[in-house]
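# Commentary on secondary and tertiary structure
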Amino acid sequence: YTVKAIRDYLRYYKIDAGDTELPISFFKRPITLRIYCEVTNPDKSNVVKVNQFPTSLPEIFGRYIDYSCKKISEMTQLPQRYSEADIRLALYYLGQCWWESNSRDCDEKVFKNLIQNDVAWDASLVNLLSQEGIIFRNPGERPGQFELTPVYDALGGFLIADYLIQSNPHDSDLLWFNNKVALEKFGGEESHYLSSDIFRSLVSLVPKKFQGVQLWTLIPQEYKLSALLGVFEIQPGLIDQESTNKIEECFQQAPDLRVEIFNRLVGVRSNKDNPLNSKFLTQLLRDLSVSERDLCWTEWTRLNSDKVVANVKRLIKKWAAHKTKVSDSD
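Residues numbered from 1 in each chain as written. Predicted model: local features only at pLDDT ≥ 70, side-chain atom pairs only at ≥ 80, totals over all residues. Heavy atoms only, no water.

What follows covers the overall build of the protein chain. Along its length, the protein chain carries 15 helices and five strands. Projecting the C-alpha coordinates of the protein chain onto the three principal axes gives extents of approximately 65 × 50 × 35 Å. Across the 330 residues that make up the protein chain, the buried fraction comes to 45%. Sequence separation of at least 24 residues holds for 64% of the intrachain contacts in the protein chain that already meet a minimum separation of 6. In the structure as shown, the protein chain presents an accessible area of about 18,100 Å², 50% of it carried by carbon and sulfur atoms. Averaging the coordinates of the 41 positive side-chain charges in the protein chain and doing the same for the 44 negative ones gives two points 8 Å apart. (Helix = DSSP H or I, 4+ residues; strand = E, 2+ residues; numbered from the N terminus. Buried < 20%, exposed > 50% of the residue type's maximum accessible area, 1.4 Å probe, protein only. Contact = heavy atoms within 4.5 Å. Areas by Shrake-Rupley, 256 points an atom, 1.4 Å probe, with all protein chains shown as cover. Lys, Arg positive; Asp, Glu negative; His and termini not counted. Charge placed at Lys NZ, Arg CZ, Asp CG, Glu CD.)

This part covers the layout of surface pockets. Volume-wise, the second largest pocket comes out at about 480 Å³. Lining the second largest pocket are 23 residues, and of these G62, F158, D162, L205 and K208 lie nearest its centre. Secondary structure elements with two or more residues in the lining of the second largest pocket: α3 (57-73), α4 (84-101), α7 (153-166) and α9 (195-209). In terms of residue class, the lining of the second largest pocket is made up of eleven nonpolar, five polar and seven charged. (1 Å grid on protein atoms, 1.4 Å probe; cavity = no way out; pocket = protein on both sides within 12 Å on 5 of 7 lines; lining within 4 Å. Points joined across faces, edges and corners; volume = space filled by probe spheres on them. Nonpolar A, V, L, I, M, F, W, Y, C, P; charged D, E, K, R; others polar.)

To continue, consider unusual backbone geometry. In this structure, K44 is a non-glycine residue whose phi angle is positive, near 55 degrees. Structurally, K44 is set in the loop between α2 (30-40) and β2 (48-49). Residue classification places K44 among the partly exposed residues on the basis of a relative accessible area of 24%. Backbone geometry at N102 places phi at a positive 60 degrees, although glycine is not the residue there. In this fold, N102 is placed in the loop between α4 and β3 (106-107).

The strand order across the open sheet formed by three strands is β3-β5-β4, and the pairing between neighbours is antiparallel. Whereas interior strands pair on both sides, the edge strands pair on one side only; in this sheet they are β3 and β4 (135-139). Looking at chain direction, β3 and strand β5 (residues 146-150) are connected through two bridges and run antiparallel. By the bridge assignment for β5, D107 is matched with E147. Together, β3, β4 and β5 form the strand contacts of α4, whose direction differs from that of β5 by roughly 100 degrees. (Pairing = 2+ DSSP bridges. Axes fitted to C-alpha atoms, helices over the stretch in contact; angles between N-to-C directions.)

Moving on to the packing of aromatic side chains. Summed over all chains, the structure comprises 19 aromatic pairs. Between Y92 and Y163, the ring centres sit 5.1 Å apart and the planes meet at 65 degrees, which makes this aromatic pair edge-to-face. With a gap of 71 residues between them, Y92 in helix α4 and Y163 in helix α7 connect regions that are remote in the sequence. The pair Y92 / Y163 is uniform in exposure class, with both members buried. These aromatic residues form a ring-pair network of at least three members: W99, W176, F177, F186, F199 and Y223. Sitting over the ring of F146, R137 keeps its end group 3.6 Å from the ring centre. Positioned above the aromatic ring of W99, the side-chain terminus of K185 is 4.3 Å from the ring centre. (Phe/Tyr/Trp six-rings, centres within 6.5 Å; stacked < 30°, edge-to-face > 60°. Lys NZ or Arg CZ within 6 Å of the ring centre and 35° of its normal.)

Structurally, the position occupied by S305 is in helix α15 (residues 305-322). Each C-alpha atom, one on S305 and one on I35, is 32 Å from the other, the two residues being 270 residues apart in sequence. Only 3.2 Å separates the side chain of S305 from the backbone oxygen of R302, close enough to count as a polar contact. (Polar contact = N/O pair within 3.5 Å; in protein donor to acceptor, adjacent residues only side chain to side chain.)

Glancing now at α7. Here α7 is 14 residues long and its end C-alpha atoms lie 20 Å apart, about the 20 Å a rise of 1.5 Å per residue gives. Taking burial as the measure, the 14 residues of α7 include eleven buried ones, the bulk of the element. Of the residues making up α7, those classed as buried are A154, L155, G156, G157, F158, L159, I160, A161, Y163, L164 and I165. Summarising the contacts, the buried residues of α7 are in contact with α3, α4, β5 and α9. (Expected span 1.5 Å × (residues − 1).)

Sheet topology note: the β4/β5 ladder contains five bridges and is antiparallel. Opposite R137, over in β5, you have L148 as the bridge partner. Between β4 and β5, which pair antiparallel and follow one another directly, the connecting turn spans six residues, one of which, G144, has a positive phi of 85 degrees.

The end-to-end C-alpha distance of helix α14 (residues 290-303), which contains 14 residues, comes to 18 Å, matching closely the 20 Å that a straight helix rising 1.5 Å per residue would cover. Along its length, α14 shows its largest kink, about 25 degrees, at W297. (Bend = angle between axes of the 7 residues up to and from the residue.)

We now examine the nonpolar core. In terms of nonpolar packing, the biggest core is built from 98 residues, with F111 and L202 touching the most fellow members. Among the elements that line this core, the one with the most residues is α7, at nine residues. Aside from chain neighbours lying at most four places away, what touches L202 is A161, I165, W176, F177, F186, P207 and L215. (Core = buried A, V, L, I, M, F, W, Y, C linked by side-chain atoms within 4.5 Å.)

Turning our attention to the side chain of Q96. Structurally, Q96 is set in helix α4. Residue class for Q96 comes out buried when judged on its relative accessible area of 14%. In contact with Q96, not counting residues within four places along its chain, are L114 and Y163.

Below is the structure:
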């Protein structure tokens, strides 16, 4: 059903993926699939050709926020007009509210006071953000009270992470992360409800904001491994040599991590622009002895044989149809 849903969405939004492998695990949540399609070809007026699917939720969320801000700013029928800057500021305060509430909910009145948006409902930013599929407006515990919740926890984590970076624009050493309050929210007894989603987005947003600086190099030891493994999800152009060297070091020195690394390499193996693609995997395996390779790679292949065989059959069919000649360098 997941594959059928992906193909139906791509067909409806006129997105031609050709023979590109479908990222089934990435699009298993329908909302992720919808957001991707909507930002890739919102007008559906012409067919859009894609050669590579994204592997990063923050990448999709960033594009969706851009799309939503532009769309709302172009609504000419509203009694109250908004610029893209107005909407981005509202999302900044939304991230602040969720961070400070330590949950995935914030009081609507608190948010409205921050953005000073006491206007008719049709022109209310709460209403517009709800229409854009960014927030839910749910009844609170008291009559007349409403709570604002992200439609998708990962999207809420993205907006909070974006708020944290924007509120510390010159802190390229991430000193704010290393203070007691933040560390408590990321792993203490009072950890934030969306802590894992916030952390995941920070892995992608930090190198984008601070020109290649990686999160794993700046945070306490107990968080480094999670941030390093998150590098597999960031945009290929943001992955630096230090990170690939560190992943290679972990692969060589920590055999218990090899299965996890294999699982993450699968998602990026066919991206020629990603330094962690199949060529990187090949080098990792060549550096192992035959016995080590049998214990990890052969066993991983055996356990995942159904998927591996299906992928090989797909490639054979693709290459045969296009009469593709694979050179030695490939």
